[in-house]
Amino acid sequence: MAAATCTLLEFQGTGKTFGAVRALEGVSLAFHAGECLGLIGHNGAGKSTLMQVLAGTLAPDQGAMLVGGQDLRHRYNVRLAREHGIRCVFQELSLCPNLSVAENTRLMCAGLAGWGWRARARRAIAEQLQAIFPGHGIHPDDIVADLPIGQRQMVEIARAFVCEGEPLQLVILDEPTSSLDAGVAAQLLRFVRRFVEGGGSIVLISHILGEMLSTCDRIAVMRDGKVVQVRPAADFTHTSLVECMGHAAKAAEEHRTFVSRRHGTPVVDTCPARQGDGQCVRAYPGEIVGLAGLAGHGQSQLLLQVLRQRVRGRQGVALVAGDRQSDGVFPLWSIAQNISVASLAQLRRGGLIDPGAERALANEWQARMGIRTPSMDQPIVALSGGNQQKALFARALATPHPLILMDDPMRGVDVGTKRDVYATLAAEAAKGRTFLWYTTELEELQYCDHVYVFRDGQAVLDVPRSELTEALILRGSFQEHSA
Amino acid sequence: MNASNPLPLAATQRPAPRERARLLRSALPGVSLAVLLVAIFIMQPRAMSYLGLNLMLNLAVPIALATMAQMLIITVNDLDLSLGSFISFVACVAATVLGPHPWLGSLALLGCIAVYAALGALVHGRNLPAIVVTLGMSFIWMGAAILLLPSPGGAAPAWLQGLVRIKTPLLPLAIFVCMGIALLMHAFLARSTLGVILRGAGGNPQAIGRRGWSLLRIKAGLYGLAGTFGVLSGLFLVGLTTSADANIALRYTLLSIAGVILGGGEFVGGRVSAVGAVLGALTLVLAGSLLSFLHISPDWQIGAQGAILILVLALRAGVNRLEARP
Amino acid sequence: MKAHSFRRVLLCTALSLAPWLAQAATADKTIALSNNYAGNAWRQNMLASWDATGKQAVKDGVVAQVDAFTTAENQATEQAAQIQNLILQGYNAIVVDAASPTALNGAIKQACDAGIVVVSFDGTVSEPCAYRISMNFKQSGVAQMDYLAQRFPQGANVLEVRGLAGVSVDELIHSGIVAGAQKYPQLKIVGTVNGNWSQTAAQKAVAGVLPSLPKVDAVVTQGDDGYGTAQAFSAAGRPTPVVIFGNREEELSWWKQQRDAHGYQSFSISSAPSISSLAFWVAQQVLDGKQFPHDLESPAATVTQETLDASLQGLPKGGIVSQPVSVDDLARLKPAATAAN
């Protein structure tokens, strides 16, 4: 009990059930001032539930929540959490898209009231953005809907650190770097260290093991609603973390012998709209082609360009969207309907959808993708984020189309899901399907046969896997135009 | 994989075209109104006078008030299909009860506002589609109006008639009232912290709820406020017409929706503008005048009015596309 | 009421109606019609009559311009806005067939205040500054009962088909029927239905009530419902009673066919659509400085057994019995006995 550090809040045997599902079970975990606590686990492990309990948006139904030695479990809520300086940046953006950046700041800070609140809100958010993301390029009067997703995420994060007469002790960052490119993510992680060294407390949830290991002081590993390990970050390695989460880390670097598939007629041969030197992006049958580079440098535009060409030419194509909420799922539909919607032409019998065939298709892909759900007739929003993404993959793969476009689909997806998906991709490619894959994660490029690195809307590098190195890609992404 | 090397940031400058397009979009309602006014003044110079403006615009005040009511409902992604019959009902109350029994009449009107607030609570609490609830309510209001005033008639209280006919200096009362409504509501919705929360409830209700505000109270409050504007609209209308009729304002339902949309509002997402909505209402009213001055056959007028609406919306779509261009 | 003095005024007016005189005073005037509804045969006939009269008057140089405006949605607020636009356009007189007797009063008053002559007809307005021309609807109800009393001196069972509930015209005609029933106790009203001034609605309503009725000798109607009523009787296999008609072409054709087949006898009465032309001439004459009482009564158009063939002659399909109205017909206008408001 007599810890040297000051304990802000402590869970003791805390549990939470949703119907028959035990989302949390006997969680005991303390949050200290001046510490960055990492929380890791695959989707459905209970991280989000635990954080919602901490933020006061979910009421736990077992155990104790000690604040200053007092059990506040029964009256703990959002207001009380905020009174104790606990704030949360949720994975799903909680900004109001129709409001400006400053107005969204006001929503978070009750202290910004009375005359001149706008000016104060503007100043507060601008200062905070500057502190965390120097050179952010966001104006406080920008409407959130007009900002790209990365900048929205920056606003969301900066907003949580604005304090106008309100206590600020602990900030929960749930996948804060998922929409940020590497440079901005690094800025954030540096800020997290500064904040912690100043006596603040951070709970960091991330699937990027590297940033967890380098940023956190302690890491708690969760599995099936329980905290299975809490250790100083220094005691963990990449491999041991993954092992703890229950997904054996197979050495990904096994390096299959590389066979170029660059022959025959390319399925895709498209030059980016802003390309000056005639360099084109090509993809050959059976190839997985990666589009790399910093986020927002024209990769998505190229995918759209290809998509339009194919649709106009009535050639089959399927897209796996990155922004699940806005481009991907039909939230009111069941999982099965979400999967079958792209394949309706095959499921038609006499002008109507054949329900038997639809169910068969859904069940087949549930098995192939390992979608974890009691029934495919559940609404898709009942799935965890990773499983929703699996469903979107299933939707694209269930079509007979020879070309699949992927727009950074692994954003915020757990390691286990990723592995499942990578394996499926490789199998499908071996059958002759072509993949055009935009990814923000460098590790993923090793699954590609050929990589194009984008910068400023142009494909600046064109590398086969045999020549691919991380240094090469970073150089291509960041280097100024050589003379 | 977090590279710790200092990286140049992409897109640090606010893109200028985006800014320009947004300005254009917010200026669109004002510009279309100005174009319309100029066309009317050229066509009918007589309109460019105190009397002319008064004649063209005094019936615009109740429409502007109705548009404001509709806008408040649209703020939280709902639609009020009962507004026209509600305003008709208010007009009937004002023309029958309010004169001889001021207290009873006022009580009835306050009751109407309470019913509106209760509707908001019902729509949110039971998670019902507002369109269906208000469609049902439209029949209830209309039935109540017919019960109250089976055949056209009644008389608005003299003070009400006097109030809406005040001769203001320089410009007609209608213009001052419209400006007043627009500025007041703009200050409330766009400048006050409460307004930010109300609009936020339209943009991302979950976030507002998660932050600890009661969506029930927000919806009930907005509906109540909408009811208040509906009552004001009905009172103003009956003051102008001096007597009522159970279906005196039925067309206000669609006019008010069109006004909000013309004014730059959107059906979902809490994107509304009070100033735009008033301008939109005025545009609709003046479009009618213009068509009448053009001697367009009555059979074509309603179509031509629709064409003007589509034209303005097409312009907006164009501006939006301009905005989306990277 | 000093009716004889009014008559003298009217007589003087009629005598002074030399066309050249009118031409001199109103040749630069403009007149507009504000109409709220054009969706039935009567209104179409009314608009055609206005058009014909107006065109002729412009050609003759009596007035400078005559226009007609119809609102799209039959709503009072829309018509009020329309009238305000007409004021702005500087018309000297506005003739109104109003959507509501009261809801336009604000706009009508504005027109009067702007020095514009306002004449309302058919759907009249209660604003005192406007002129009102309408048929004596109550009298038309009484006239139907008069005819039946003469046809059935021994008494008869009468079915009443009424119009649209809650509309003033329906109330007025009904009150005439009631007055007639009091006047002739031998005529017994055995049933009342609402036919909504529509042949199909009337047929349905009458068919619905027939099984519960004793033998029906006669039916009083309000117009646009006589043919449907007769159809309901024949469909139910009941003997066709004496149906009073409303001057519609289909009604008169059916009557003629029945007469030719088995000597069917009846009577027909309705407001003439040419009342719009009367209103035009009243507006023109007021502009010319003539004095009129503000409440005027237009004559009803009637068709009897004798005039049936003549009335059907030249009546187009879907038409209504009417007669072209000239300025001289103003002499036939009587001040209304009681103001209709």
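Here is what the cut-offs are and how they apply
Residues numbered from 1 in each chain as written. Chains lettered and ligands numbered in written order. Predicted model: local features only at pLDDT ≥ 70, side-chain atom pairs only at ≥ 80, totals over all residues. UniProt positions renumbered as here; feature names shortened; annotations may be inferred. Helix = DSSP H or I, 4+ residues; strand = E, 2+ residues; numbered from the N terminus. Rg over C-alpha atoms; globule rule 2.2 N^0.38 Å. Buried ≥ 20, exposed ≤ 12 C-beta atoms within 10 Å, placed from the backbone. Pairing = 2+ DSSP bridges. Contact = placed C-beta atoms within 7 Å. Axes fitted to C-alpha atoms, helices over the stretch in contact; angles between N-to-C directions. Domains from an automatic or database assignment. Expected span 1.5 Å × (residues − 1). Arc of directions from axis to C-beta. Parallel < 35°, antiparallel > 145°, perpendicular 65-115°, else oblique. Nonpolar A, V, L, I, M, F, W, Y, C, P; charged D, E, K, R; others polar. pLDDT = per-residue confidence, 0-100.

The name an unreviewed UniProt entry assigns to chain C is ABC transporter substrate-binding protein, from the organism Pseudomonas typographi. The UniProt entry for chain C carries this comment under Sequence similarities (unreviewed entry): "Belongs to the bacterial solute-binding protein 2 family." Among the UniProt annotations of chain C, the heading Subcellular location (unreviewed entry) holds the following wording: "Periplasm".

Looking at an unreviewed UniProt entry, one finds chain A named Sugar ABC transporter ATP-binding protein and attributed to Pseudomonas typographi.

Moving on, we come to the overall build of chain A. On a plain count of helices and strands, chain A comes out with 16 helices and 20 strands. The C-alpha atoms of chain A give 23 Å as radius of gyration, which agrees with the globular expectation for 483 residues (23 Å, within 12%). Dimensions of chain A, computed from C-alpha atoms along their principal axes, come out at roughly 70 × 60 × 45 Å. Residues counted as buried form 51% of the 483 residues belonging to chain A.

A word on the sheet that holds strand β8 (residues 218–220) of chain C. Residue and element names in this part refer to chain C. Taken together, four strands build an open sheet; the order of strands is β7-β6-β8-β9 and the sheet is parallel. Each edge of the open sheet carries a strand with a single partner, namely β7 (187–194) and β9 (242–243). Sheet analysis places β8 next to β9, joined by two bridges and oriented parallel. Paired with A218 across the bridge in β9 is V242. Its contacts with the sheet place helix α7 (residues 168–183) against β6 (156–162), β7 and β8, and it is angled at close to 170° to β6.

All right, on to the arrangement of the chains then. Taken together, the two pairs of chains in contact show their highest number of contacts between chains A and B. Considering only C-alpha positions, the minimal separation of the non-contacting chain A and chain C is 35 Å.

Once that is clear, we can look at the sheet that holds strand β3 (residues 35–40) of chain A. All names here are of chain A. Within the open sheet, the six strands sit side by side as β6-β7-β8-β3-β9-β10. Their pairing is mixed. Edge positions in the sheet fall to β6 (86–89) and β10 (226–232), since each has one partner strand and no second. Put simply, the sheet's adjacent strands are angled 20° from each other on average, direction ignored. This element, helix α1 (residues 47–55), spans β3, β6, β7 (170–174), β8 (201–205) and β9 (218–223) of the sheet and lies at about 150° to β7.

This part is about the domain arrangement of chain C. When the domains of chain C are assigned, the result is domain 1 (3–129 + 272–299 + 322–335) and domain 2 (137–244). Relative placement of domain 1 of chain C and domain 2 of chain C: their C-alpha centres are 32 Å apart.

Residue and element names in this part refer to chain A. Judged by how many residues are buried, strand β19 (residues 450–455) sits mostly within the fold: six of six residues are covered. Pairing between strand β13 (residues 288–293) and β19: five bridges, direction parallel. Considered in β19, the bridge of G290 is made with V451. As defined by bridge partners, β19 adjoins strand β20 (residues 458–464) across six bridges and the pair is classed as antiparallel. By the bridge assignment, V453 is partnered in β20 with L461.

Below, the discussion takes up helix α3 (residues 41–59) of chain C. Residue and element names in this part refer to chain C. Under the 1.5 Å per step criterion, the end-to-end length of α3 is 27 Å for 19 residues, consistent within 8% with the ideal 27 Å. For α3, the full list of buried residues reads W42, N45, M46, S49, W50, T53, G54 and A57. For α3, the arc enclosing every buried residue in end-on projection is 160°, short of the 170-degree limit, so these residues lie on one face. More than 90 degrees from the buried face of α3, the exposed residues found are K55 and K59. Looking at the buried positions of α3, the neighbouring elements they touch are β1 (30–35), β2 (65–70) and α11 (275–287). Note on α3: the residue one or two positions beyond its end, G61, has a positive phi of about 75°.

With that settled, the discussion passes to helix α8 (residues 173–191) of chain B. Taking 1.5 Å of rise per residue, 19 residues should cover 27 Å, and α8(B) covers 26 Å from first to last C-alpha, within 8% of that figure. Next to the buried residues of α8(B) lie α2 (50–57), α3 (60–75), α9 (193–203) and α13 (274–293) of chain B.

Let's shift gears to the domain arrangement of chain A. Domain parsing of chain A yields domain 1 (7–245) and domain 2 (252–478). On a C-alpha basis, the centres of domain 1 of chain A and domain 2 of chain A stand 30 Å from each other.

This paragraph deals with the packing of α9(B) against helix α11 (residues 215–241) of chain B. Residue and element names in this part refer to chain B. It is the contact of α9 with α11, at a shortest axis distance of 11 Å, that shows an interaxial angle of 105°. By the angle between their axes, α9 is roughly perpendicular relative to α11. Within the contact between the two elements, α9 uses I197, L198 and A201 and α11 uses L215, I218 and L222. By residue class, the composition of the contact of α9 with α11 is six nonpolar, no polar and no charged.

A few words now on the confidence of the model for chain C. Residue and element names in this part refer to chain C. Confidence in the prediction for chain C averages 85 pLDDT; 90% of positions are at 70 or higher. Within chain C, helix α1 (residues 3–15) has the poorest average pLDDT of any element, 48, and β8 the best, 95. For the stretch residues 9–23, pLDDT sits under 50, and the model shows 16 contacts to residues farther than four places along the chain or on other chains. The ipTM assigned to the predicted complex is 0.82, against a pTM of 0.72.

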